[in-house]
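# Descriptive analysis of the structure
The chain contents come next:
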Amino acid sequence: MAEVVGVRFKEVGKIYYFDPDSEKFSAGDMVIVETARGVECGQIATPNKEVDDSEIVHPLKKLIRKATDADLKKLENNKSLEKRAYDICAKKIAEHGLEMKLVNVEYTFDASKILFYFTADGRIDFRALVKDLASVFKTRIELRQIGVRDEAKMLGGLGVCGKQFCCSSFLGDFQPVSIKMAKEQGLSLSPVKISGTCGRLMCCLKYEQEAYTDLLRNTPKYGAIVKTPQGKGTVVEVNLLTGVLKVKMDNTPPEAAPQTFKVKEVKLLKDGSIKVDKKELEELKNLE
């Protein structure tokens, strides 16, 4: 076991563990730490606590100190410099005629490096741009290509639900989301219905997936053959949340309407399966 504090460098970013060096910190405290990017200023997200050694990436770096007023002033100054750097970089991109969209700019705390985040459809040769920016800012320049989900997280906005994006309000890391999840939850596979503002599958599909997976273990799927009080039949419709099945009976005419049963009223003889066929995957592959 080791005593650690969790530090976050972005408002809704990943939490990194550091050694508090026997000092006590509270959530919200601003601290100075050394990272792979150099000296950075972050905020305490997790106060002092003990964690198992298996949860720590060794070697565990120590906090340098609690941030002073001068440090916080420097942080604010960096923010104003980032706005200027953004405008200059956007102008340089246009001058070089590059097919890329500038998303965000970050100064490291000690201003030893400037990071420019951008999106693009493919690979971009930005070597000339880097040289141009280095001649303007006289410091190290790094350009990072990011995905559309990262862009949404950085810029923020409102989702189709009317609330702030999950990724920019509370999600520290993106969770894998698949077309199969949407199908298991009985959602329409229309891209408009299941994709977020970023154009990818909505992160919220993950939230209830465990509950749906549990229900699917005990509920006959579409196409399952079941024995009911009225005889044998095939499941043609499933409502997982209410536990209601519609069954096409074998002993009724083809044109007869399916009968409704509760899950507990039927016995499973042969289960069906939920699959995403190749055509659906091809049409929706860009959403994942």
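Structure: above.
What counts, and where the lines are drawn
- Residues numbered from 1 in each chain as written.
- Predicted model: local features only at pLDDT ≥ 70, side-chain atom pairs only at ≥ 80, totals over all residues.
- Heavy atoms only, no water.
- Salt bridge = Lys/Arg side-chain N within 4 Å of Asp/Glu carboxyl O.
- Helix = DSSP H or I, 4+ residues; strand = E, 2+ residues; numbered from the N terminus.
- Buried < 20%, exposed > 50% of the residue type's maximum accessible area, 1.4 Å probe, protein only.
- Pairing = 2+ DSSP bridges.
- Axes fitted to C-alpha atoms, helices over the stretch in contact; angles between N-to-C directions.
- Core = buried A, V, L, I, M, F, W, Y, C linked by side-chain atoms within 4.5 Å.
- Contact = heavy atoms within 4.5 Å.

## Some remarks on the pattern of salt bridges
- Under the defined criterion, the tally for this structure stands at 14 salt bridges.
- Between Lys92 and Asp132 there is a salt bridge, and its shortest N-O distance comes to 3.6 Å. Taken together, the residues Lys92 in helix 1 (residues 69-96) and Asp132 in helix 2 (residues 127-137) connect sequence positions 40 residues apart. Of the two residues examined, Lys92 and Asp132, each falls in the buried class.
- A salt bridge links Asp125 to Arg127, with the shortest nitrogen-to-oxygen separation between them at 2.9 Å.
- For Asp125, a relative accessible area of 49% translates into the label partly exposed.

## Description of the environment of Lys180
- Considering the arrangement of structural elements, one finds Lys180 in helix 5 (residues 179-184).
- For the pair Lys180 and Pro47, spaced 133 residues apart in sequence, the C-alpha to C-alpha distance is 39 Å.

## Points about the sheet that holds strand 11 (residues 244-249)
- Read across the open sheet, the five strands follow the order 12-11-10-9-13; overall the sheet is antiparallel. Because the sheet does not close on itself, it has two edges, and the strands there are strand 12 (259-262) and strand 13 (267-270). Averaged over all neighbouring strand pairs, the angle between strand axes comes to 45°, with direction disregarded.
- Alignment of strand 9 (residues 225-228) against strand 13, held across three bridges, turns out to be antiparallel. Within strand 13, the residue paired with Ile225 across the bridge is Lys270.

## Concerning the sheet that holds strand 2 (residues 15-18)
- Sheet architecture is open: five strands sit in the order 2-1-4-3-5, paired in antiparallel fashion. Two strands in the sheet have a free side with no partner beyond their single neighbour: strand 2 and strand 5 (63-66). The sheet shows a mean angle of 45° between the axes of neighbouring strands, taken without regard to direction.
- Pairing geometry for strand 1 (residues 2-8) and strand 4 (residues 38-51), over six bridges, is antiparallel.

## Remarks on the nonpolar core
- Met100, Ile114, Phe116, Leu133, Phe137, Ile141 and Leu143 are the most contacted members of the largest nonpolar core, which has 18 residues in total.
- Every element with two or more residues in this core is listed here: helix 1, strand 6 (101-107), strand 7 (113-119), helix 2 and strand 8 (140-145).
- Non-local contacts of Leu143, meaning those with residues more than four positions away in its chain, are made with Met100, Phe116, Phe118, Phe126, Leu129, Val130 and Leu133.
- Counting residues in each nonpolar core, the second largest holds eleven residues, with Val177, Ile179, Met181 and Ala182 among its members.

## Regarding unusual backbone geometry
- With phi around 55°, Asp21 is a residue other than glycine that occupies positive phi space.
- Mapping Asp21 onto the fold places it in the loop between strand 2 and strand 3 (30-35).
- The phi angle at Ser22 is positive, at roughly 70°, despite the residue not being glycine.
- In this structure Ser22 comes out as exposed when scored by relative accessible area, which is 70%.

Scope: geometric values only; no functional claims are made or implied.
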